[in-house]
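Chain and residue survey
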Amino acid sequence: MAPGAPALLLLSLLSLPGVPAKRRDGCVSLPVGEWAPSLPPIQTLFLQDNSIARLEPGILAPLASLRHLYLHNNSLHALESGAFRTQSRLLELALTGNRLRGLRVGAFAGLAQLRVLYLAGNQLVQLLDFTFLHLQRLQELHLQENSIELLEDQALAGLSSLALLDLSRNQLGTISREALQPLASLQVLRLTENPWRCDCALHWLGAWIKEGGQRLLSSRDKKILCAEPPRLALQSLLEVSGSSLICIPPSVHVEPLEVTANLGEDLRVACQASGYPQPLVTWRKVAQPREGAPRAQAQPEVGWRGTGGLGASDTGSGMLFLTNITLAHAGKYECEASNAGGAARVPFQLLVNVSRQQQLAPAPPPAGGPVSHEPLPETGSMAFRALGLATQTAIAAAIALLALTALLLATMICRRRRRRKKAPGPSGEGALFVNDYSDGPCTFAQLEELRDERGHEMFVIDRSKPLFAEGPAEAAEAPGVAQGLPLQPPSAYEIHC
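In this report, we go over the structure that sits alongside the text. The structure presented is a predicted model; accordingly, all values stated were derived computationally and were not measured.

1. As for unusual backbone geometry
Note on backbone geometry: most residues besides glycine have negative phi, and most peptide bonds are trans. At the junction of glutamate 255 and proline 256, the peptide bond is cis and its omega measures out at -5° in the coordinates. Looking at where proline 256 falls in the secondary structure, it is placed in the loop between β15 (248–254) and β16 (258–262). Here the residue pair tyrosine 276 and proline 277 is connected by a cis peptide bond, since its omega of -5° sits within 30 degrees of zero. The residue proline 277 is located in the loop between β17 (267–276) and β18 (280–285) in this model. A positive phi is found at asparagine 73, a non-glycine position, where the angle reads about 60°. For asparagine 73, the location among the structural elements is in the loop between β5 (68–70) and β6 (92–94). Take asparagine 73: its relative accessible area is 38%, and that puts it in the partly exposed class.

2. Comments concerning the state of the cysteines
Cysteine pairs can be covalently joined through their sulfur atoms, and such a bond is termed a disulfide. By the definition in use, this model includes 3 disulfides. Across a sulfur-sulfur distance of 1.9 Å, cysteine 200 and cysteine 247 are joined as a disulfide pair. Between cysteine 200 and cysteine 247 the disulfide shows an S-S torsion of about -100°. By sign, it is left-handed. Of this pair, cysteine 200 sits in the loop between β13 (196–197) and α3 (203–211) while cysteine 247 sits in the loop between β14 (226–228) and β15, placing them 47 residues apart in sequence. Given a relative accessible area of 27%, cysteine 200 falls into the partly exposed group.

3. Quick notes on α3
Within α3 the residues assigned to the buried category are Trp204, Leu205, Gly206 and Ile209. Looking at the buried positions of α3, the neighbouring elements they touch are α2 (177–180).

4. Here's the deal with the packing of aromatic side chains
The full count for this structure, using the stated rule, is 5 aromatic pairs. Here phenylalanine 46 and tyrosine 70 contribute two aromatic rings whose centre-to-centre distance is 4.9 Å and whose plane-to-plane angle is 15°, an arrangement assigned as stacked. Of this pair, phenylalanine 46 sits in strand β4 (residues 44–46) while tyrosine 70 sits in strand β5, and the two are 24 residues apart along the sequence. Linked through ring pairs, Trp283, Tyr333 and Phe348 together constitute an aromatic cluster. A cation over an aromatic ring shows up here: arginine 268 above the ring of phenylalanine 321, its NZ or CZ 4.6 Å from the ring centre.

5. Focus: a positive patch on the surface
A cluster of basic residues, Arg415, Arg416, Arg418 and Arg419, forms a positive patch at the surface. Along the chain, arginine 418 falls in helix α6 (residues 389–422).

6. A closer look at the pairing of strand β22 (residues 342–353)
Sheet topology note: the β16/β22 ladder contains 5 bridges and is parallel. Looking at the pairing, glutamate 258 lines up with glutamine 349 of β22. Bridging between strand β21 (residues 331–339) and β22 involves 9 bridges; their strand directions are antiparallel. Each residue of the ladder has a partner; that of cysteine 335, found in β22, is valine 346. The turn linking β21 back onto β22 is made up of 2 residues.

7. Topic: the nonpolar core
With 63 residues, the main nonpolar core has Phe108, Phe132, Leu141 and Leu165 as its most contacted residues. Listing elements by their share of this core, those giving two or more residues are α2 and α3. For this core, the leading source of residues is α3, giving 3 residues. Once residues lying within four places of it in the same chain are set aside, the contact partners of phenylalanine 132 are Leu103, Phe108, Leu117, Leu119, Leu127, Leu141, Ala155, Leu156, Ala157 and Leu159.

Analysis parameters
In this numbering scheme, every chain counts its residues from 1 along its sequence in written order. Thresholds applied to this predicted model are a pLDDT of at least 70 for local features of residues and 80 or more for the giving and counting of side-chain atom pairs; totals over whole chains, interfaces and linings are not thresholded and use all residues. Heavy atoms from the whole structure form the basis of all side-chain values; hydrogens and water molecules are not counted. Numbering goes from the N terminus for both helices and strands, where a helix is a DSSP run of H or I of at least four residues and a strand is a run of E of at least two. Burial here depends on accessible area, computed with a 1.4 Å probe over protein chains only, as a share of the maximum for the residue type. Under 20% is buried, over 50% is exposed, and the range in between is partly exposed. Disulfides are defined as pairs of cysteine sulfur atoms found within 2.5 Å of each other. For this analysis, residues touch if any pair of their heavy atoms sits within 4.5 Å. In this scheme Phe, Tyr and Trp rings, the latter by its six-membered ring, pair at centre separations within 6.5 Å, and the angle between planes marks the pair as stacked below 30 degrees, edge-to-face above 60, and tilted otherwise. Criterion for a charge above a ring: Arg CZ or Lys NZ at most 6 Å from the ring centre, at most 35 degrees from the ring normal. Surface patches are drawn from residues lacking salt bridges whose relative accessible area is over 30%; two like charges belong together within 9 Å, two nonpolar side chains (Val, Leu, Ile, Met, Phe, Trp, Tyr) within 5 Å. Here, Shrake-Rupley sampling with a 1.4 Å probe gives the accessible areas, and only protein chains in the shown set may cover a residue. Here a salt bridge means any side-chain nitrogen of Lys or Arg lying within 4 Å of a carboxyl oxygen belonging to Asp or Glu. Positive charges come from Lys and Arg, negative ones from Asp and Glu, while His and the chain ends are left out of the count. Every charge is mapped onto a representative atom, which is NZ of Lys, CZ of Arg, CG of Asp or CD of Glu. The criterion for strand pairing is that DSSP finds at least two bridges linking the strands in question. To define a nonpolar core, start from buried Ala, Val, Leu, Ile, Met, Phe, Trp, Tyr and Cys residues and group those joined through side-chain atoms within 4.5 Å.

And the structure:
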């Protein structure tokens with residue numbers, strides 16, 4: 001084979017002599033880089049019917065000349081973003097019969113020339129917005145025999161050249177007009193063998209097919225049968241009148257509408273919704289605007305859990321589940337139910353009970369446990385405004401009472417000090433009583449300070465000599481000493497200034 005000539009390579013990964021397969025974490029990967037440089041430029045590569053579970057990023061980089069790549073009937077669970085970034089010349093990619101559960105945005109980046117993509121027979125459940133954005137020249141997209149039940153409005157964005165779309169044998173109950181709008185070149189559309197829900201949301205599809213869309217459907221594909229409601233089951237969508245495709249707007253019920261919970265408790269609140277089709281239920285925490293700031297709309301907040309997470313959707317009954325309630329949980333919530341017929345919302349108020357003891361003196365932490373430094377709510381703060389009116393009044397009254405008590409105590413202390421300074425003290429008021437301990441509270445410096453303040457002469461105690469002498473002559477040397485005192489050594493010394 002001359003260098004540079006087109007090459008056709010058929011590989012059986014598990015039996016190719018001289019090309020051992022590498023196993024990583026129990027998965028088989030393809031060691032392309034070890035042998036591809038020794039081969040001529042490869043345009044067609046067959047790797048079907050193997051056990052390939054992963055395509056590592058860059059593993060196909062040596063095969064930049066590929067035009068056709070067949071990877072069907074392997075064990076691929078996911079496609080890494082950029083796995084085909086170097087295959088800019090690839091025209092056909094077959095991934096049929098793998099185990100793909102989802103497609104990441106960017107999984108097909110680099111396939112600017114791709115014309116045909118086979119994804120049939122996988123386990124895809126939903127197609128997210130902009131999944132195929134990089135496939136602007138794609139002409140055929142085969143998605144049949146999956147479990148697709150959700151096709152987001154922008155999932156097919158970028159497929160302006162698509163001529164064939166096969167969505168048959170999936171779990172689609174509805175499809176929006178916006179989902180098919182990017183398909184300006186569509187010529188063949190296959191939608192059969194899906195459990196279509198024939199309600200107001202599918203009214204446009206029947207009208208579109210009757211007006212001109214039927215040119216895209218073969219005689220077999222025109223049999224789009226209704227699976228529900230029961231009164232329309234097994235009837236063709238094209239034969240059902242528009243007046244029969246109805247929706248019942250949702251109604252929402254939350255009981256009670258206001259709950260007061262204690263700190264540290266768990267809380268469950270059910271939101272019952274009814275309507276047709278079955279509404280999607282979403283819990284949101286309403287953001288409280290600051291003073292002077294524009295009022296924000298209800299938004300989901302990360303970290304709060306409803307059924308599947310706060311802000312997550314559920315059909316029928318949504319449960320708001322809060323654990324270990326703190327002051328941050330307090331506030332207004334909103335349960336929203338929506339379907340093709342409209343939306344309904346019900347507000348819910350959560351109050352957090354904080355006792356007076358918890359406000360003034362936080363409880364001591366358990367032995368060995370962490371100390372909580374969570375600040376108490378201040379008046380005017382968001383946490384304080386989230387409390388009920390009765391709780392707010394009790395907190396304000398307690399704070400006012402404490403302030404008044406402190407003010408009265410300070411006033412009484414000041415008055416007593418003023419009286420002591422102005423009024424002459426009674427006899428003996430200037431006496432100091434010193435306990436008979438070697439480390440008594442009065443020191444020489446304290447006595448000197450007292451003498452300096454009052455301007456009186458002061459005696460300095462010599463503890464080795466009792467102040468009270470045993471006899472009237474010695475007693476007279478100490479003026480002011482009380483008469484008739486016992487002569488035994490006293491337990492306190494009296495000093496007259």
